[in-house]
Amino acid sequence: MSTAPLRVAVLASGRGSNLQALIAARDAGELPVDFVAVGSDKARAGALQLAQDAGIPTFTLDPKAFASRRDYDFELFRRLEASGAQLLVLAGFMRIIDGDALTPWVGRMINIHPSLLPKYRGLHTHRRALEAGDAEHGASVHYVTAELDGGPVIAQARIGIRPGDDEPMLAQRLLGFEHQLLPAVLRLIAEGRVALLPPDRVALDGQPQREPLQLREGKLVD
Ligand code: GRF
């Protein structure tokens, strides 16, 4: 196992609370990573400010400056490669990524998605869980592949849906668990304990996992 911190870049389009949770975990000595870049498609993303406050280099890449998604994504990954990142974390990055552009990063890029995948890929996950009358909801961290929100799931956090929950309440309650889930998964990757087993399995300590790890009381368990 390598002792050098894993070099990580984060992409985010919004307020950046998941990024904040990662930075807090690193500051607490719980995450052996070095944040080498935070990138966004939105110049006003809160995540960029959070990164700057933490002394992490940032960049914005405006999609309007590119003729196509593909051109944008190739430039995005060129920048990320240049940052020296070994792993990419999508933390609220609200863009679909070109499959060819991301292929070199398969196994080195994870995303946090607010549903119990494979349920509710895409948007409005909280609303869809409520409308379906689900008893539980959750968040997943998965390896990114060309299939939207479709890559192998590493770990999940589950919460019960309560009578009277509405979309904002559910989103807010889940967010607190996302903030535990993402640092916990990143830690396992940084420690070299979790890896993608191509094409579609996740290995923990070299063992292929049948099911995603589950977050219980702040810890990931089998
Ligand atoms: C989170 O709910 C995450 O699961 C989803 O986008 C949201 C980002 O929130 N992919 P934040 O910007 O990290 O606060």
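Position numbers for residues start from 1 in each chain and track the written sequence from start to end. Two thresholds apply to this predicted model, a pLDDT of at least 70 for residue-level local features and 80 or more for giving and counting side-chain atom pairs, whereas whole-chain, interface and lining totals are computed over all residues. The basis for every side-chain value is the complete set of non-hydrogen atoms in the structure, without hydrogens or water.

The name given to the chain in an unreviewed UniProt entry is Phosphoribosylglycinamide formyltransferase, with the source organism recorded as Dyella soli. Word for word, the UniProt comment on the chain under Pathway (unreviewed entry) is "Purine metabolism; IMP biosynthesis via de novo pathway; N(2)-formyl-N(1)-(5-phospho-D-ribosyl)glycinamide from N(1)-(5-phospho-D-ribosyl)glycinamide (10-formyl THF route): step 1/1." UniProt positions are given in the numbering used here, feature names are shortened, and annotations may be inferred rather than shown by experiment.

Caption draft 1: Structural context of the sheet that holds strand 10 (residues 207-208). Only strands joined by at least two bridges in the DSSP assignment are considered to pair. Secondary structure follows DSSP: runs of H or I at least 4 residues long count as helices, runs of E at least 2 residues long count as strands, and numbering of each begins at the N terminus. If you trace the three strands from one edge of the open sheet to the other, you get 8-9-10, paired in antiparallel fashion. Each edge of the sheet is formed by a strand with only one pairing partner; in this case those strands are strand 8 (194-197) and strand 10. Pairing of strand 9 (residues 201-204) with strand 10 involves two bridges; the strand directions are antiparallel. Bridge assignment links Ala-203 to a residue of strand 10, and that residue is Pro-208.

Caption draft 2: Region of interest: the layout of surface pockets. The distinction between a cavity and a pocket rests on a 1 Å grid over the protein atoms alone: a 1.4 Å probe fits inside a cavity but cannot get out, while a pocket stays open yet meets protein on both sides within 12 Å along at least five of seven lines, and a residue with an atom within 4 Å of a point counts as lining. Grid points are joined across faces, edges and corners, and a volume is the space filled by probe spheres set on the points. Here the largest pocket defines a volume of roughly 870 Å³. Around the largest pocket sit 35 residues that line it, and Gly-92, Met-94, Ile-112, His-113 and Pro-114 are the ones nearest its centre. Mapped onto the lining of the largest pocket, the elements with two or more residues apiece are helix 1 (17-27), strand 5 (109-113), helix 5 (125-131) and helix 6 (167-190). The dominant element in the lining of the largest pocket, judged by the number of residues it contributes, is helix 6, at five residues. Classifying every residue of the lining of the largest pocket gives 15 nonpolar, 14 polar and six charged. Gly falls in the polar group here, along with every residue not listed as nonpolar (Ala, Val, Leu, Ile, Met, Phe, Trp, Tyr, Cys, Pro) or charged (Asp, Glu, Lys, Arg).

Caption draft 3: Just the environment of Val-202, in detail. Along the chain, the position of Val-202 falls in strand 9. Separated by 59 residues in the primary sequence, Val-202 and Tyr-143 have C-alpha atoms spaced 8.7 Å apart. Those residues in contact with Val-202, other than ones at most four positions away along the chain, are Tyr-143, Pro-152, Val-153, Ile-154, Val-194, Ala-195, Leu-197, Gln-207, Pro-208 and Gln-209. It only takes one pair of heavy atoms within 4.5 Å for two residues to be counted as in contact.

Caption draft 4: Inspection of the site of the ligand at higher detail. Contacts to the ligand come from Arg-15, Gly-16, Ser-17, Asn-18, Gly-92, Ile-112, Pro-114 and Glu-178. Side-chain atoms alone can form a polar contact between residues adjacent in sequence; in general such a contact is a pair of N or O atoms within 3.5 Å, and within protein one must be able to donate a hydrogen while the other accepts it. For the ligand, an oxygen atom lies 2.8 Å from a polar atom in the backbone of Asn-18. One of the side-chain N or O atoms of Glu-178 is found 2.7 Å from an oxygen atom in the ligand. Note on areas: Shrake-Rupley with a 1.4 Å probe; residue coverage comes only from the protein chains shown. Protein contact buries 88% of the 370 Å² of open area that the ligand shows by itself. Judged by the fraction of its atoms near the pocket grid, the ligand is located in the largest pocket. When the residues that make up the shell around the ligand are grouped by side-chain class, the tally is two nonpolar, four polar and two charged. Near, as used in this document, describes a residue that has one of its heavy atoms within 4 Å of the molecule or strand being considered. Those molecules having more than half of their atoms within 2 Å of a cavity or pocket grid point set are described as sitting in that cavity or pocket.

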